[in-house]
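# Overview (structure and organization)
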Amino acid sequence: MASTQHAGEIGVLVDHVPLRDLLVAFMKVSTRAWGGGSSTVYMMDEELVRRGWITHGQFALDFGLSRLVPGINLLSMAVMVGYRLNGPLGSVVSIFGLMFPASVITILLTAGFAEITSNAFGASLVRGAVPVTAALTFAFAFQTGREIIPWRERRVMTLMLLYVVGCFAAVAIYHVNVVWPILCGAAGGAFLFRPSPPHPGKDR
Amino acid sequence: MSFFSLFLVFLKASMLSSGGLAPLALLREDLITNSGVLTDGDFAQAVAIGRITPGPNGLFVLSVGFYAGGLPGAVAAALAVMAPPFISIGLVHVHRRIAGRPWVEGMTRGITASAIGLLSAVGYSFITPLLSAPASIAIFALALGVLLFTKLDALPVLLIGAAVGVGCYLVGIPLA
């Protein structure tokens, strides 16, 4: 049964998408989206919206919601979308479809890495890639900060930046168990990082 | 480590983190610092593989699982990362009630801020072994610049880094 939403609105356009179609759609994404999370998001959106199952608005909403769930956000998105499109079974099929081909490729590549790195030429390939990996980690942290930190809320922004630096120092220098910064961030954030109330007269 | 122990390690990391590379810090603590099962080199390779292969970045945990326990380790990691996302079904139902509440937004921000700090700490641990080789540091700096200031994807940057590594090998420049 199709609902009445249009493409630009938040909404699920089709109910009870056949499980086979869901599986094919997510396996297609899982096979094609080389290069990690960014390409996966792009191809998921392309696949789900072009098939006319959900709107771009719904995709964006679920993308935001998935960040509230522990674990890999894109797997949470697959579960949410699958659930919306065909209930609990749809969620299982969707996450399986997104996981399976990519997992097989990842495991095969990992197993091959031992062979590749056992000779000098292969080892030099990896030695060149390792500094890039370090750069990717910093770039990801920087880009996440750029998106997540509320730069216009000066008090919250300052507190969050201080907390980021504190977490870094606690773990990198003082080797604090990493669970504590996360739990303290959640508990403290509920009080200290709340969105600042809009300035009177500026919210119109 | 046994299959079940590895499953619990990955489940804990998955439950206490949010985002692709966020479990890195927790996994590093359990598999390197506390147990010595893996090395920083294993981790760096696992992250590199995760960024190349299709699917979410977080699938690097399968590589970590493979290094820690072979195919069963990778399966343990896969099963562990598939569990937490099902919490999102409950979220779909309660979202309308809690969305927009300031404390929810604040809590999300707090978790994300801690993740940024922890990720930076992981990056720091990757850099430390590179300090002995100026060429490795140069590759790091150039790659970071490219990633931050251009729209080039991770895959070509990784491939260029690997090619530079081969070039350094051929001309005799040491890399860490």
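Here is what the cut-offs are and how they apply
Residues numbered from 1 in each chain as written. Chains lettered and ligands numbered in written order. Predicted model: local features only at pLDDT ≥ 70, side-chain atom pairs only at ≥ 80, totals over all residues. Helix = DSSP H or I, 4+ residues; strand = E, 2+ residues; numbered from the N terminus. Buried ≥ 20, exposed ≤ 12 C-beta atoms within 10 Å, placed from the backbone. Contact = placed C-beta atoms within 7 Å. Nonpolar A, V, L, I, M, F, W, Y, C, P; charged D, E, K, R; others polar. Core = buried A, V, L, I, M, F, W, Y, C linked by C-beta atoms within 7 Å. pLDDT = per-residue confidence, 0-100. Axes fitted to C-alpha atoms, helices over the stretch in contact; angles between N-to-C directions. Parallel < 35°, antiparallel > 145°, perpendicular 65-115°, else oblique.

### Regarding the overall build of chain B
When helices and strands are counted, chain B shows eight helices and zero strands. Secondary structure elements of chain B occur, N-terminal to C-terminal, as α-α-α-α-α-α-α-α. Burial statistics for chain B: of 176 residues in total, 55% are counted as buried.

### Examining the overall build of chain A
Of regular secondary structure, chain A possesses seven helices and zero strands. The buried share of chain A, taken over its 204 residues, is 45%.

### Things to note about unusual backbone geometry
One non-glycine residue, His175 of chain A, lies in the positive phi region at around 55°. Tracing the backbone through its elements, the reader meets His175 of chain A in the loop between α6 (154-173) and α7 (179-192).

### A closer look at the interface of chain B and chain A
Opposite the 87 residues of chain B that make contact, chain A presents 87 residues. Contributions of two or more residues to the side of chain B that touches chain A are made by α1 (3-15), α2 (23-33), α3 (40-52), α4 (60-82), α5 (87-98), α6 (102-127), α7 (134-149) and α8 (154-171) of chain B. Top contributing element to the side of chain B that touches chain A by residue count: α6 of chain B, with 23 residues. Classifying every residue of the side of chain B that touches chain A gives 57 nonpolar, 25 polar and five charged.

### Concerning the nonpolar core
Counting residues in hydrophobic clusters, the biggest one holds 112 residues, and the most contacted among them are Ala135 of chain A together with Phe10, Val64, Ala77 and Leu119 of chain B. In terms of residue count, helix α4 (residues 73-116) of chain A provides more of this core than any other element does, 17 residues in total. Ignoring sequence-local partners within four residues, the contact set of Ala77 of chain B consists of Phe10, Val61, Leu62, Val64 and Gly65 of chain B.

### Focus on the environment of Val75 of chain B
Position of Val75 of chain B relative to the elements: it lies in helix α4. Each C-alpha atom of the pair Val75 of chain B and Phe3 of chain B lies 8.7 Å from the other, and the pair is 72 residues apart in sequence.

### A short note on the environment of Val17 of chain A
Position of Val17 of chain A relative to the elements: it lies in the segment before α1 (19-32). Ignoring sequence-local partners within four residues, the contact set of Val17 of chain A consists of Leu22, Trp53, Leu85, Asn86 and Gly90 of chain A.

### Looking at the environment of Trp34 of chain A
Residues and elements named next belong to chain A. Checked against the element boundaries, Trp34 lands in the loop between α1 and α2 (37-50). Trp34 sits in the partly exposed class, given 18 other C-beta atoms within 10 Å. Considered as a pair, Trp34 and Ala102 are 68 residues apart in the sequence and their alpha carbons are 8.9 Å apart.

### Points about the confidence of the model for chain A
Across chain A, the average pLDDT comes to 82, with 86% of residues at or above 70. With pLDDT under 50 throughout, residues 1-10 of chain A is counted as low confidence; its partners more than four residues away or in other chains account for 20 contacts.

### A short note on the packing of α2 of chain B against α4 of chain B
Each packed pair of helices is defined by two parameters, the angle between the axes and the distance between the axes. All names here are of chain B. The contact between α2 and α4 brings their axes to 12 Å, and the two run at 10°. In this view, α2 runs roughly parallel relative to α4, as classed from their interaxial angle. Mapping the contact onto sequence places Pro23, Leu27 and Leu31 in α2 and Val61, Val64 and Ala68 in α4. Within the contact of α2 with α4, the residues separate by chemical class into six nonpolar, no polar and no charged.

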